[in-house]
Structure formats: structure tokens, C-alpha cells
Amino acid sequence: DVDVIHSPTANDSFERYSWAGESVAPQYNTLARIAAGSAPFVLGVPAPTVAPSVTHTGGTGTTVSRAYVYTWVTAYGEEGPPSPPTVYSAHINATWNIVLTAPTGADTTNRNLTKVRIYRTITSTAGVATYFLVAEQVIANTTYADSAISGNGQLESTTWVAPPTDMKGMMSMANGMVIGFRDNEILYAEPYRPHAWPVMYSLSVDFEIVGIGVVGQTAVICTEAATYAATGINPSSVTLSKISTRDACLSRGGIVSTPDGVYYPTSRGLALAT
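These numbers were taken from a predicted model, which means no experiment stands behind them.

## Remarks on the pattern of salt bridges
Part 1 of the argument: Evaluation of the coordinates by the stated rule reveals 15 salt bridges.
Part 2 of the argument: In this structure, the salt-bridge partner of D3 is R252, at a minimum N-O distance of 2.8 Å. Placement of the pair is D3 in strand β1 (residues 2–6) and R252 in the loop between β19 (239–244) and β20 (256–258), with a sequence separation of 249 residues.
Part 3 of the argument: Across the salt bridge formed by R182 and D166, the nearest N and O atoms sit 2.8 Å from each other.

Structure below.
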């Protein structure tokens, strides 16, 4: 049993497809690469495990402290979680010299990593430190001299970890959501980013999950002993409820999503969750 979904990303020029199954770790590929018979990539982007090295040259006057991190990015714009931070103090008008660690062979195997993004904190007048983008450069370039930052975006991928390798399936939902499952755990991707699966979005049910169907904004979770409904328009606000306590699902292949609801086979006959 393998589930295949089309990328929910808006205007995806790469036409990406993702899949996961009983014996297939989560993977993805572009339409052109699939047509050419090219091997798929591992779904998800790893986090650098080594913090950046920071030194400085020059500068006078006020001394400030900053934290630096960096992320890796694929050729398709998929960004992974950040490295551990490095906190460093120097004059505010100094040149801050950043040295990064290149990805290892294990990091790049079956992944199309091409760029690195460097972020540093800017502290507001209220004392709140936020990571802002300093620069994006080719992944082979492991040094950068930081002297200014203006108008760049904030770090979004702090919680964007790769899906677990034993995720058994995935389905698309409304609002760019993608839902997956393993054992008795329900997993959600960051909306419109099927490579990123924040752990904080995970939910669990009482029994082993057989499969999932979708109707409207609700995912019907069919298990070995009961049926659940997970409803919401964003993974951060999903409500989970038990809708049947006596209808164990007999077959993942028998779960069918329709406009009327989700059909699934039970020992009492065909059930319909609306």
C-alpha cells in the first residue's frame, strides 16, 4: 500500500509528487525526473548538526551580542530546520566573519541540497530577539562576512523536521494540508510544504491506524478498533474526536474517500463516516 500525492505548493513549476507506504520511506520526485526514470529523493531536509563559527574584525563603539544559525535548501526551495546557534559579541559596526560546516555524504545522499541560508538575531526595543535572513549562497561556499542587514525575511523553518522514515501513508486535505500516519500517531505537514512535518502538530489515537480517508475539512482515521475524526483548517488547530467505538477497519485498501463521506469495510459490513 503506497499513497501518492501531488504537491499542494502554489504554482509548483517542478510538478512534484510525494509518496509513502507500508514498506516505502517518504520520498518525492519531480514530474520530469519521474518521466526520465530518475531516482527519487528522500522527503525532508536535514538540519546542520554543527553550529557556525563566528569571529570579527574591526569596529568601534557599542558592543552587541548576536546569535547565528544556518539552514540547507534544496534546488526546489525546500528549507530545512536550522543548525544549533552560536552567540557572539562584538562591536555593532564590525565585520562578523561566519564559517559554516559543509553537509556530509549522509546529509546529501538522495537529496538535492544546493544552497545555504544564514540567519542572525536582531533584538527589538522590547528586548525580543528574532532571526532574520543575512544571506543565501551556494552550499559549497562555507564562509560569509556579515556587515549589514536590511529588509530580509524572518526564519520560518525552526520546527520543519523531515517526516519519520516509518510513516506509512499520506493524503492531501484542504488549505494545503497534508496528513500522514504511523502506528497510532497522526502526523501533519506544514501547510503547502509537504517536506516539513513539525512534531508539535502530531496527535495520537488509542489503537493502531489502518488507514485514513478525507471528506471536506475532516480526516477520518480508521483503526483496528475504533474510528476517529480529525477536523480543522490548519494543523495547529485540529480537533480530534471518536466517532465510532465498535467498527474496526478491516482493510486499508477498502477505505474510499467520496463527496458523501469515507467508506470503509468492517466486520458488520460497509461503514460510512460523514
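We are not done yet, so read on.
## Here's the deal with the environment of M171
Part 1 of the argument: Examined against the element boundaries, M171 turns out to sit in strand β12 (residues 169–172).
Part 2 of the argument: Residue class for M171 comes out partly exposed when judged on its relative accessible area of 23%.
Part 3 of the argument: Sequence-wise, M171 and F181 are 10 residues apart; in three dimensions their C-alpha atoms are separated by 9.5 Å.
Part 4 of the argument: Apart from residues lying up to four places away in sequence, M171 is in contact with I5, M177, V178, I179, I212, G213, V214 and S257.

## Quick look at empty space enclosed by the protein
Part 1 of the argument: Taken as a whole and assessed by the stated rule, the structure comprises 1 cavity of 30 Å³ or more.
Part 2 of the argument: In terms of lining, the largest cavity is formed by Y70, W72, L100, T101, A102, P103, V116, I139, N141 and T142.
Part 3 of the argument: Residue composition of the lining of the largest cavity, grouped by class: 7 nonpolar, 3 polar and no charged.

## Some thoughts on the nonpolar core
Part 1 of the argument: Ranked by internal contacts, the top residues of the largest apolar core, which has 17 residues, are I179, Y188 and I221.
Part 2 of the argument: At the level of secondary structure, the elements contributing two or more residues to this core comprise β13 (178–182), β14 (185–188), β16 (209–215), β17 (218–223) and β18 (227–231).
Part 3 of the argument: Among the elements that line this core, the one with the most residues is β16, at 3 residues.
Part 4 of the argument: Counting residues in each nonpolar core, the second largest holds 16 residues, with V45, Y68, Y70 and L100 among its members.

## Some details on the environment of S202
Part 1 of the argument: You can see S202 is positioned in the loop between β14 and β15 (203–204).
Part 2 of the argument: Placed 47 residues apart in sequence, S202 and C249 show a C-alpha to C-alpha distance of 22 Å.
Part 3 of the argument: Ignoring any residue separated from it by four or fewer positions in sequence, one finds S202 in contact with E185, I186 and L187.
Part 4 of the argument: Within polar-contact distance, the side chain of S202 engages the side chain of E185 at 3.4 Å.

## Regarding the layout of surface pockets
Part 1 of the argument: When its volume is computed, the largest pocket comes out at roughly 320 Å³.
Part 2 of the argument: Mapped onto the lining of the largest pocket, the elements with two or more residues apiece are β2 (16–21) and β9 (113–123).
Part 3 of the argument: Considered class by class, the residues forming the lining of the largest pocket number 9 nonpolar, 9 polar and 7 charged.
Part 4 of the argument: Size it by volume and the second largest pocket reaches roughly 220 Å³.
Part 5 of the argument: Forming the boundary of the second largest pocket are 17 residues, of which P26, V42, L43, R111 and T165 lie nearest the centre.
Part 6 of the argument: Contributions of two or more residues to the lining of the second largest pocket are made by β3 (24–30) and β4 (41–42).

About the cut-offs
- Residues numbered from 1 in each chain as written.
- Predicted model: local features only at pLDDT ≥ 70, side-chain atom pairs only at ≥ 80, totals over all residues.
- Heavy atoms only, no water.
- Salt bridge = Lys/Arg side-chain N within 4 Å of Asp/Glu carboxyl O.
- Helix = DSSP H or I, 4+ residues; strand = E, 2+ residues; numbered from the N terminus.
- Buried < 20%, exposed > 50% of the residue type's maximum accessible area, 1.4 Å probe, protein only.
- Contact = heavy atoms within 4.5 Å.
- 1 Å grid on protein atoms, 1.4 Å probe; cavity = no way out; pocket = protein on both sides within 12 Å on 5 of 7 lines; lining within 4 Å.
- Points joined across faces, edges and corners; volume = space filled by probe spheres on them.
- Nonpolar A, V, L, I, M, F, W, Y, C, P; charged D, E, K, R; others polar.
- Core = buried A, V, L, I, M, F, W, Y, C linked by side-chain atoms within 4.5 Å.
- Polar contact = N/O pair within 3.5 Å; in protein donor to acceptor, adjacent residues only side chain to side chain.

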